[in-house]
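Listed here are the chains, written in short residue letters.
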Amino acid sequence: MPELADRLKDGLAELRADGPAPGRAWCAAWTEVVDGALRDAVDEAAPQGRLALVATGGYGRREMCPASDVDLLLLHDKVPHAELERLVREVVYPLWDASLKVGHAVRDRRQAISLALDDLDTGTALLDARTVAGDSQLLRDAQSEYLKKMRRRPGRFLEQLTRADQERRQKAGDSAEVLEPDLKSGAGGLRDIQSLRWAAAALLGEPRLDALVSGRYLGAPDRARLARAYDEVLAARCALHLELDHPSDVLRMDHQQPVALALGYEDGGDHDSAAHRHLRDLYLAARTIDHVHRRAWRLIEADAARGRRFRRTAEARLNGLGLVDGVLTIEDDGLLDDDELPLYVLSKLVEHRAVLDRSSAAKIARAVDRRDGTWPWTPNARRRFLAALWAGHTSRAALAELDDVGAWVALLPEWEPVRGRPQRNPFHLFSLDRHAIHAAATLGDLVRTETWATEALEMVEDRDALMLGTLLHDVGKAYGEPHAETGAAPARSMMTRMGLGVATQELVVSLIRLHLLLPDVATRRDLADPDVIVDVARQVGDRQTLHALHLLTAADGLATGPSAWSSWKASLLRELVRKVDAVLEQTHPTDLNDGAEATAREALAMSESLGVDESEVRNHLAALPRRYAAAMTPRAVVRHAGLCAKPLGVAEVRTRVTPGDDVVEDLAGYDDLDVVAIDSAGLFSRIAGVIALHGGSILSADAHTRDDGIAVDTFTVQRPPEAGATWWAAVEGDIVEAVAGRLALRARLAKRAERYERRRTHMVDVPTSVSIADDESSHATILEIRTRDRTGVLFDITAALAELHLDIVVAKIATLGEEVVDVFYVRDVDGERLDPDHAREAVLAIESALGD
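Structural notes, computed from the coordinates.

Calculation notes
Residues numbered from 1 in each chain as written. Predicted model: local features only at pLDDT ≥ 70, side-chain atom pairs only at ≥ 80, totals over all residues. Heavy atoms only, no water. Helix = DSSP H or I, 4+ residues; strand = E, 2+ residues; numbered from the N terminus. Buried < 20%, exposed > 50% of the residue type's maximum accessible area, 1.4 Å probe, protein only. Contact = heavy atoms within 4.5 Å. Areas by Shrake-Rupley, 256 points an atom, 1.4 Å probe, with all protein chains shown as cover. Pairing = 2+ DSSP bridges. Axes fitted to C-alpha atoms, helices over the stretch in contact; angles between N-to-C directions. Phe/Tyr/Trp six-rings, centres within 6.5 Å; stacked < 30°, edge-to-face > 60°. Lys NZ or Arg CZ within 6 Å of the ring centre and 35° of its normal. Polar contact = N/O pair within 3.5 Å; in protein donor to acceptor, adjacent residues only side chain to side chain. Salt bridge = Lys/Arg side-chain N within 4 Å of Asp/Glu carboxyl O. Parallel < 35°, antiparallel > 145°, perpendicular 65-115°, else oblique. Left-handed = near helix turned anticlockwise from the far one by under 90°. Nonpolar A, V, L, I, M, F, W, Y, C, P; charged D, E, K, R; others polar. Patch = residues over 30% accessible without salt bridge, like charges linked within 9 Å, V, L, I, M, F, W, Y side chains within 5 Å. Lys, Arg positive; Asp, Glu negative; His and termini not counted. Charge placed at Lys NZ, Arg CZ, Asp CG, Glu CD. Core = buried A, V, L, I, M, F, W, Y, C linked by side-chain atoms within 4.5 Å. Arc of directions from axis to C-beta.

### Describing the overall build of the chain
- Counting secondary structure elements, the chain contains 37 helices and 16 strands.
- Going through the 852 residues of the chain one by one, you find that 57% of them count as buried.
- By sequence separation, contacts in the chain at least 24 residues apart represent 69% of the contacts at least 6 residues apart.
- Only carbon and sulfur atoms are counted for the fraction: they give 48% of the accessible area of the chain, which is about 35300 Å².

### Some points on the sheet that holds strand β4 (residues 130-134)
- Taken together, the four strands give an open sheet; going across it, the order is β3-β2-β1-β4, and neighbouring strands pair in mixed fashion. The two strands at the open ends of the sheet, each matched to only one other strand, are β3 (102-108) and β4. Taking the axes of each pair of neighbouring strands and ignoring which way they run, one obtains an average angle of 25 degrees across the sheet.
- Relative to the sheet, helix α5 (residues 109-118) contacts β2 (70-77) and β3, its axis offset from that of β3 by approximately 115 degrees.
- Against the sheet, helix α7 (residues 136-150) contacts β1 (50-55), β2 and β4, and its axis sits at roughly 75 degrees relative to β1.

### Digging into the packing of aromatic side chains
- For the coordinates displayed, the defined rule picks out seven aromatic pairs.
- Summarising the aromatic geometry, the rings of F684 and F715 are spaced 5.0 Å apart at their centres and angled 50 degrees between planes, so their arrangement reads as tilted. Of this pair, F684 sits in helix α33 (residues 683-693) while F715 sits in strand β12 (residues 710-718), and the two are 31 residues apart along the sequence. When sorted by exposure, F684 lands in the same class as F715, which is buried.
- With 4.9 Å between their ring centres and 75 degrees between their planes, W727 and W728 make a pair best called edge-to-face.
- Classification of W727 as buried rests on a relative accessible area of 9%.
- Put simply, the rings of W377, F385, W408 and W415 touch in pairs and so form one group of aromatic residues.
- In this arrangement the basic side chain of R371 is found over the ring face of W375, its NZ or CZ atom lying 4.0 Å from the centre.

### Examining the side chain of D671
- Tracing the backbone shows D671 in strand β10 (residues 670-678).
- Polar side-chain contacts of D671 include one of 2.7 Å to the side chain of W728.

### A closer look at the pattern of salt bridges
- Applying the stated criterion to the full structure yields 61 salt bridges.
- Among the salt bridges present, the one from D128 reaches R61, with a minimum N-O distance of 2.7 Å. Remark: R61 occurs in the loop between α3 (57-60) and β2 and D128 occurs in the loop between α6 (120-127) and β4; sequence separation between them is 67 residues. Taken individually, D128 and R61 each receive the classification buried, so the pair is uniform in this respect.
- Salt-bridge contacts for R225 lead to D222; the nearest nitrogen and oxygen are separated by 3.8 Å. One end of the pair, R225, and the other, D222, are both in helix α11 (residues 220-244), three residues apart, so they sit about a helical turn from each other.
- On the accessibility criterion, D222 (8% relative accessible area) is buried.
- A network of salt bridges, in which partner residues are shared, links D165, R168, R169, D192, D290 and R294.

### What about the packing of helix α14 (residues 341-352) against helix α17 (residues 396-404)?
- One can describe the packing of α14 onto α17 by two numbers: an axis separation of 8 Å at closest approach and a directional angle of 150 degrees. In this view, α14 runs roughly antiparallel relative to α17, as classed from their interaxial angle. The crossing of α14 and α17 is right-handed. Here P342, L343, L346, L349 and V350 of α14 lie close against α17, whose contacting residues are A398, L399, E401 and L402.
- Here the contact of α14 with α17 is composed, by residue class, of eight nonpolar, no polar and one charged.

### As for a negative patch on the surface
- A contiguous patch of negative charge on the surface is contributed by E3, D6, D10, E14, D18 and E44.
- In this structure, D10 sits in helix α1 (residues 2-18).

### As for the nonpolar core
- Core analysis: the biggest nonpolar cluster contains 101 residues, and L346, F385, W408, W415, L471, L551 and L576 have the highest contact counts within it.
- Take this core: its biggest share by element is nine residues, from helix α28 (residues 567-584).
- If sequence neighbours within four positions are ignored, L551 has contacts with L443, V447, W452, A453, A456, L457, V460 and L466.
- Membership of the second largest hydrophobic core comes to 96 residues, among which are V132, L147, L190 and A239.

### Here's the deal with α5
- The set of residues buried in α5 consists of A112, I113 and A116. Take α5 and look down its axis: the buried residues cluster within an arc of 95 degrees, on one side only. Away from its buried face by more than 90 degrees, α5 exposes R110 and D118.
- Sitting at the head of α5, D108 places a side-chain oxygen 3.2 Å from the backbone nitrogen of R110.

### Section: unusual backbone geometry
- Look at the link from E481 to P482: it is a cis peptide, with omega at 0 degrees.
- One can find P482 in the loop between α21 (463-472) and α22 (483-486).
- One non-glycine residue, R62, adopts positive backbone phi at about 60 degrees.
- Along the chain, the position of R62 falls in the loop between α3 and β2.
- Of note in this structure, D325 is not a glycine but carries a positive phi near 55 degrees.
- Residue classification places D325 among the buried positions, given a relative accessible area of 12%.

### Quick notes on the environment of L72
- Secondary-structure assignment places L72 in strand β2.
- For L72, a relative accessible area of 5% translates into the label buried.
- With residues up to four places along the chain from it excluded, the contact list for L72 reads L38, L53, V54, T56, Y59, V91, L95, V102, G103, H104 and A105.

### Focus on the environment of A677
- With respect to the secondary-structure elements, A677 resides in strand β10.
- We classify A677 as buried; its relative accessible area is 1%.
- Sequence separation between A677 and V712 is 35 residues; the distance between their C-alpha atoms is 7.1 Å.
- In this structure, A677 is in contact with L648, E652, V653, L683, G709, I710 and A711, ignoring residues within four places of it in sequence.

In short, the description is geometric, and any link to function would need to be established separately.
Shown next, in the form of structure tokens:
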């Protein structure tokens, strides 16, 4: 047995060092090594009785990747238990000794058939099984009997298979578009094709894709496309296992470049790395699998429910199209010469939530080719295209059909560089083209389901421009950076091709050029500064553009991913839009209902009802600069006045927590922490450190110092998911200890960071950059910091600022995937903006604190 284990280890090592390229040939070679070792083990054991050593799963399919399990079934016919135990030791132990992961079962023929009928995984394993050693007829008999019995009730098997597919796809995501695709279980992954083979067994008695071609569930071209796509995904999985040396089917971002290089891809120019090139091919292969699977599965489900058929009467006639079991078919080939064909078909796919018949898909693809890959637009076609986009997420599958047959690029050739282009950034969940479709679909859903969005849409007269601006907002990424500028030319070309008017084109270009403005300002600038609001109003220009940008920004953020959108960010955006809208209506920002004067009036009016003397509120406001009242809500002013009412001790700290959903609507999970203490260097960083120590996240902060030296700081904090009822009590207690110098904060943060880093499964390299913003601020110098997210990073930054005796006036904190983007408004000890030398020292101090 030791010799057998060494043989397996040496065989794997040899294949790793000098085997075929990752892919089907490599898997076949490794399968043959394992087969040979197991045959010899069985021969050496000289088993008694009728039995077979059977390979199942990926091993049975001869698709053994480097870290795949070796799945075995010892199938027998009345062999004594002791003999079976001996054979298991002789066969399985060498595999374990070779550090291979083994799954094994021992069953007689009847057990194997009975379990296969009751359990989907056991049944599909038996369909993929093959004999490695022993009596091959025993397995053939078991498979034949299982198929015979299973096909008496194929609906039950297919219902289980459909449910398993849906659960798998929902959990693993869409391999055709996500940043880190699941090569095995995602939609468009290897399991989709395996499911088709198993479905063929249930309906046609043969677990082969060729049977689906004969049964007219797949076309012959589909079969060839699937083979190429499957090989592409299998090669990626094989290369991933070689890179990791442990089983994983998720192609994570930090492994994409070495996997691409192992598959022979090379780096191109900027934003065209080997990983980008490989991921694009992988996305397109996964899309092929997903499209073919979805089309075939609609027919498979119908036949499982209603019985096999080769041709069924159309349940609806749609002017040259037929609809049968949710499958749309071109019945009048005269439509193939109609200029409106692709978008007419699209409209019907969306209307009926149908899939395209395989033969009809092939007809459209050939029609596209006959027109040299281009297709003209008509006004009616444009109307149908926009209507499909406005239909929301129900249209995504239909739009994917348009892409699969080549009609999307034929209609808009400028889309080709966008198609399948990966966005290797943890900020984004989807490929570039799919992100655009998700954004457009999200916009369509928003205006039907969200009151604020419906109201914003009423301010937009040119809704075609809004939808196209949302669809095309990131198209410039395929043409170079800055994409808000480079997107204008291809967008104009596409809109000209569509026949859109000059005014619509101008608005779309404006939306593309400005689509980053509102989120950047809302999350990185001081919204209490009137100059900021006036500048945004100047750039936007009119109310239609403003509200269109608001809708576009929300749709973009929601379609990007959880790192890009939250209820907190949505509230900041609404605040910014409301203020800019007032300026565009000729109302100055200081006259808005949350301006300094209005806030002061309301605070004084509500003070008594909140248990604070009006005189205390008046004195409190008089001791603070105008910006304080402009930045605070009236309730916050009264809270602060109450906290400051009694004299403070030298080391005394007073805190109060207010649930965020009590202050701003839709902000459950975000709280306002008020801290009042005698101002001292490092107060902000100590508070930030304690919050980080307890797993909380600071989203923003306003810090002010009264004329009498009392610091009044307000932090908006997101509690950790696991926070219990006593979480805030622990935080407040530790803040008191930290300010008094009785808490080893830096040491505790270091320990927490060490535990956190050990748990991280993968990290993305995020370079640190510290810069002084070009924006002119009337009251502070603006520092922008980008660095990798880690425990205590905010503490390190603010401690560095404290060493230079800088006052933090406003802090805007954002975590975008693995990256932290923080903005600080700081002033010197005299309350002035930093001079150039002082600002450079601040940059140096932060860079040093962050390790750069």
